[in-house]
Amino acid sequence: MKTGEMELLVKYLLLTLALTSVQISYTESRLNEKRRDKTDRRHHSIQVKDNLCEIANRESKVHCYCERTEINTATRADCWVFNGGIDENDPIWSSFNSQLYLERLTFNVRSDGALKFIPLVVIRRLKRLQKLYIHYATLNKIEKKTFTNMTLIKDITLMNSKIVELDFSAFKGLPSLVNLTIKENQITEIQRDIFVDLPSLKYLDLSFNSINLAHDGCFEHLSILNDLLLEANLITVVTRDTFRGLTNLTRLDLRSNKLSMIGDLTFTELWNLNELLLDNNELKYLSERAFDGLALLEKLSMTGNLLQSINEGLLEGVRGLKLLDLRNNELETFSLETVKPILENLKEKTSVLYLSGNNFSCDCHLLWILTLRNETKSEPLKLALNAVMCTFKKEVNKQETVPDKRKELKDKDDHLFDLVTSSDVSQSDKDLYDDNTPYKFDTTKKPVLEMAFVDVPIESLPCPGETLHNGEDSLMLSSKDESFWQQNSSTISTVTFQFLIIPILISLSGYYLY
């Protein structure tokens, strides 16, 4: 065969093979398409029948509401569990296959005991799930590695679900988890190694439980945590080791616990702490170095405790404070030396110091309040300082019976006291001097005159127990206060009269009696 004929034959063979290959590919493509259509029709039929977002059966134990109802279009589902007895094999869970692209899933349990487990059989199928919320379930215990391998989930809330115990490594294997809320449950103890392998966790809420013991190092694996909420528990003791490892914590909420004291260097591990809330505990004692190490702390709140005094060196470790709340304690004084480390901060526009609701005596140790009120740029602080009240105590004769003449003179003295101070006495104080009430010699009652400290004339302020500090001396004589005293000269005369005349009258009464 000639060379030309051979080449022509080869070309025909190659063309035949190419055409055969195209035919085979086309045939296979049609067959595959038919199979897919058949599968899709079957799948579509099943899913439409059990669409999670369109459950029509009124007897169903779960009803869900979605922002979109077409198959595999919903990204959010709010589900309500109404009837009890549901288990992990209940047919209702298959309806979740109709919405595999959910990013947020909520279970609200409306019947006590209706949901006693976390429906992992559903959750693990939802490969795009980022937020899971379960409210009012009955979970009792979160077992070890419950949520393992849920790589995209960022937010878990298990609220009011009767959780008593968290097992070791209960939340291990959640690399994307940022927020974890386990509030309003019945947890009593936080052991070590519960919160491990959570490299992204920044917010942990354990508030409104019954926690009475937080083991040393129980949070040490949470190196990037920013917010730790332990409000409304039964915690009685916290130490430096309680918060070991929380080097990036910026907010710590310990309100409404049972703390009675804070010892040295308790929070020294929390280098980045910006806000510390200790309200409504039972604090009676604060060590002088309780807050040492908190160089970045700007807000410290201790309202509603039992503090009777504040150590003069307490605020040395928190010189960056811009808000200090000590309302509703039992403080009797708060000196310039105590407030001096943060005094300049308090002159800034956004700073506040709250001291109302304490048992301050009207004396020279509070004089710094007047100058600070004049010098600060903060309007909230001025209002807060205006609300600081103090008391002048008027001792009552402790004798149960006295001659009629002495009683008469005594009544005159009391009447004079009322006339001098009637413009400043609060309603509760006026009740003590009601003309319709017979005078009684009560050994327990000590009538007091309570008034706003900023309204007390400087000449009337005693300095019990010690002389003024140099700083307080200069405050008292500050030229910035001159206008204040001039404006209140009439009040000065009145109260000066009160303090000078009453003792003279009492002396005279004794002279006439004897």
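Model, not experiment: these values are computed from the prediction.

A. Focus on the state of the cysteines. A complete count under the given rule lists 4 disulfides for this structure. Covalently, Cys-64 is tied to Cys-79 through a disulfide, its sulfur atoms 2.1 Å apart. Residues Cys-64 and Cys-79 are joined by a disulfide whose S-S torsion is about 110°; by sign, that bridge is right-handed. With Cys-64 in strand β1 (residues 62-66) and Cys-79 in strand β2 (residues 76-81), the pair connects residues that are 15 residues apart, well separated along the chain. Cys-79 carries the same exposure label as Cys-64, and that label is buried. Across a sulfur-sulfur distance of 2.0 Å, Cys-362 and Cys-390 are joined as a disulfide pair. One disulfide, between Cys-362 and Cys-390, carries an S-S torsion of 95° and so falls in the right-handed class. One end of the pair, Cys-362, is in the loop between β19 (352-354) and α4 (368-375); the other, Cys-390, is in strand β20 (residues 389-393), with 28 residues separating them in the sequence. Pair check on accessibility: Cys-362 and Cys-390 agree, each one buried.

B. Region of the structure containing the pairing of β1. Among the 5 residues of β1, 4 are classified as buried, and the element is accordingly described as predominantly covered. As judged from the 5 bridges shared by β1 and β2, these two strands associate in the antiparallel manner. What sits directly across from Cys-64, in β2, is Cys-79.

C. Fine view of the pattern of salt bridges. Counted by the stated rule, this structure contains 23 salt bridges. A salt bridge links Lys-162 to Asp-112, with the nearest nitrogen and oxygen atoms 3.2 Å apart. Linking Lys-162 in the loop between β6 (155-159) and β7 (165-166) with Asp-112 in the loop between β3 (104-109) and α2 (120-123), this pair joins segments that are 50 residues apart in sequence. Residue Lys-162 is classed as partly exposed on the basis of its relative accessible area of 31%.

D. Structural detail: unusual backbone geometry. With a phi close to 65°, Asn-140 is a non-glycine residue in the positive phi region. One can find Asn-140 in the loop between β4 (131-135) and β5 (141-142). Backbone geometry places Asp-193, a non-glycine residue, at a positive phi of 65°.

E. Geometry of the pairing of β3. With 5 of its 6 residues buried, β3 lies for the most part within the structure. Of the strand pairs in this sheet, β2 and β3 are connected by 6 bridges, and their pairing is parallel. Each bridged residue has a counterpart across the sheet, and for Cys-79 the counterpart in β3 is Phe-107. Relative to β4, β3 is paired through 5 bridges, and the arrangement is parallel. Residue Leu-105 lies in a different strand from β4, and its bridge partner there is Leu-132.

F. Main features of the environment of Leu-296. Mapped onto the elements, Leu-296 comes out in the loop between β16 (285-286) and β17 (299-301). Once residues lying within four places of it in the same chain are set aside, the contact partners of Leu-296 are Trp-271, Asn-272, Leu-273 and Asn-274.

G. Fine view of helix α5 (residues 379-386). Within α5, burial applies to Leu-381, Ala-384 and Leu-385. Taken end-on, α5 shows its buried residues confined to a sector of 95°, consistent with a single buried face. Buried-residue contacts for α5 involve β19 and α4. Its side-chain oxygen at 3.1 Å from the backbone nitrogen of Leu-381, Ser-378 defines the N-terminal cap of α5.

Reading the values: rules and limits
- Residues numbered from 1 in each chain as written.
- Predicted model: local features only at pLDDT ≥ 70, side-chain atom pairs only at ≥ 80, totals over all residues.
- Heavy atoms only, no water.
- Disulfide = S-S within 2.5 Å.
- Helix = DSSP H or I, 4+ residues; strand = E, 2+ residues; numbered from the N terminus.
- Buried < 20%, exposed > 50% of the residue type's maximum accessible area, 1.4 Å probe, protein only.
- Pairing = 2+ DSSP bridges.
- Salt bridge = Lys/Arg side-chain N within 4 Å of Asp/Glu carboxyl O.
- Contact = heavy atoms within 4.5 Å.
- Arc of directions from axis to C-beta.
- Polar contact = N/O pair within 3.5 Å; in protein donor to acceptor, adjacent residues only side chain to side chain.

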